[in-house]
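Structural overview
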Amino acid sequence: LLDVLPTLLDSLDLPLPTIVLAHEMHVGGIKDAAVRAIGLPRERLLGCDWTELVPEARERRPMFEAVLAGDGGARMQPRAPMTFPGQATRWFRVHY
């Protein structure tokens, strides 16, 4: 699955910053809009542990794991804080 995520994301015409997290909350795919919004090189983002990059994501790990386990279906968090290295906290809509 991780092998096809970048190709799959490239085939989608999504103008919004889009990141696909794989198991263990590692970045499996990322659209150009997300790379620009985060301000870090794509190479730094792909494969990284999202909870190490974005400390607030640690709090959302149980929700992410529940979705992966098939527990209750998709979820949305309308205003999730994210603080990327060297930047002020910003708010994003997060879909699981």
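All of the points below concern the structure found in this document. Bear in mind that the values here come from a model prediction, so they are computed numbers and not experimental data.

Counted under the stated rule, the structure contains two aromatic pairs. Centre to centre, the rings of Trp50 and Phe84 are 5.9 Å apart; their planes meet at 65°, and the pair counts as edge-to-face. Taken together, the residues span a long stretch of sequence, with Trp50 in helix H4 (residues 50-53) and Phe84 in the loop between strand S3 (76-82) and strand S4 (90-95) at a distance of 34 residues. For Trp50, a relative accessible area of 5% corresponds to the buried category. The exposure class assigned to Phe84 is buried, which follows from its relative accessible area of 2%. Between Phe84 and Phe92 the ring centres are 6.1 Å apart and the planes differ by 80°, which places this aromatic pair in the edge-to-face class. Chaining the aromatic ring pairs together yields one cluster made of Trp50, Phe84 and Phe92. Taking the ring centre of Trp91 as reference, the NZ or CZ of Arg79 above it sits at 4.6 Å.

As a further point, take the nonpolar core. Counting residues in each nonpolar core, the largest one holds 19 residues, and the members touching the most others are Ile30, Ile38, Leu45, Trp50, Leu53, Val54 and Phe84. When residues of this core are traced back to their parent elements, those giving at least two are strand S2 (27-30), helix H2 (32-38), H4, helix H5 (57-68) and S3. No other element matches H2, which puts three residues into this core. Sequence-distant contacts of Leu53, that is, excluding residues within four places in its chain, are made with Leu40, Arg44, Leu45, Cys48, Thr83, Phe84 and Pro85.

Let us look at the side chain of Arg60. Within the secondary structure, Arg60 sits in helix H5. Buried within the structure, Arg60 lacks any salt-bridge partner; Glu59 is the closest side chain of opposite charge, at an N-O distance of 5.5 Å. Not counting chain neighbours up to four residues away, the residues in contact with Arg60 comprise Val54, Gln77, Ala80, Pro81, Met82 and Tyr96.

To locate leftover empty space, one rolls a probe as large as a water molecule over the atoms. For the largest pocket, the calculated volume is near 670 Å³. Along its surface, the largest pocket is lined by 23 residues, and Pro17, Ile19, Arg93, Val94 and His95 are the ones closest to its centre. Elements supplying a minimum of two residues to the lining of the largest pocket: strand S1 (19-21), H2, H5 and S4. Residue contributions to the lining of the largest pocket peak at five residues, all from H5. When grouped by side-chain class, the residues that make up the lining of the largest pocket number 19 nonpolar, two polar and two charged.

Here is what the cut-offs are and how they apply
Residues numbered from 1 in each chain as written. Predicted model: local features only at pLDDT ≥ 70, side-chain atom pairs only at ≥ 80, totals over all residues. Heavy atoms only, no water. Phe/Tyr/Trp six-rings, centres within 6.5 Å; stacked < 30°, edge-to-face > 60°. Helix = DSSP H or I, 4+ residues; strand = E, 2+ residues; numbered from the N terminus. Buried < 20%, exposed > 50% of the residue type's maximum accessible area, 1.4 Å probe, protein only. Lys NZ or Arg CZ within 6 Å of the ring centre and 35° of its normal. Core = buried A, V, L, I, M, F, W, Y, C linked by side-chain atoms within 4.5 Å. Contact = heavy atoms within 4.5 Å. Lys, Arg positive; Asp, Glu negative; His and termini not counted. Salt bridge = Lys/Arg side-chain N within 4 Å of Asp/Glu carboxyl O. 1 Å grid on protein atoms, 1.4 Å probe; cavity = no way out; pocket = protein on both sides within 12 Å on 5 of 7 lines; lining within 4 Å. Points joined across faces, edges and corners; volume = space filled by probe spheres on them. Nonpolar A, V, L, I, M, F, W, Y, C, P; charged D, E, K, R; others polar.

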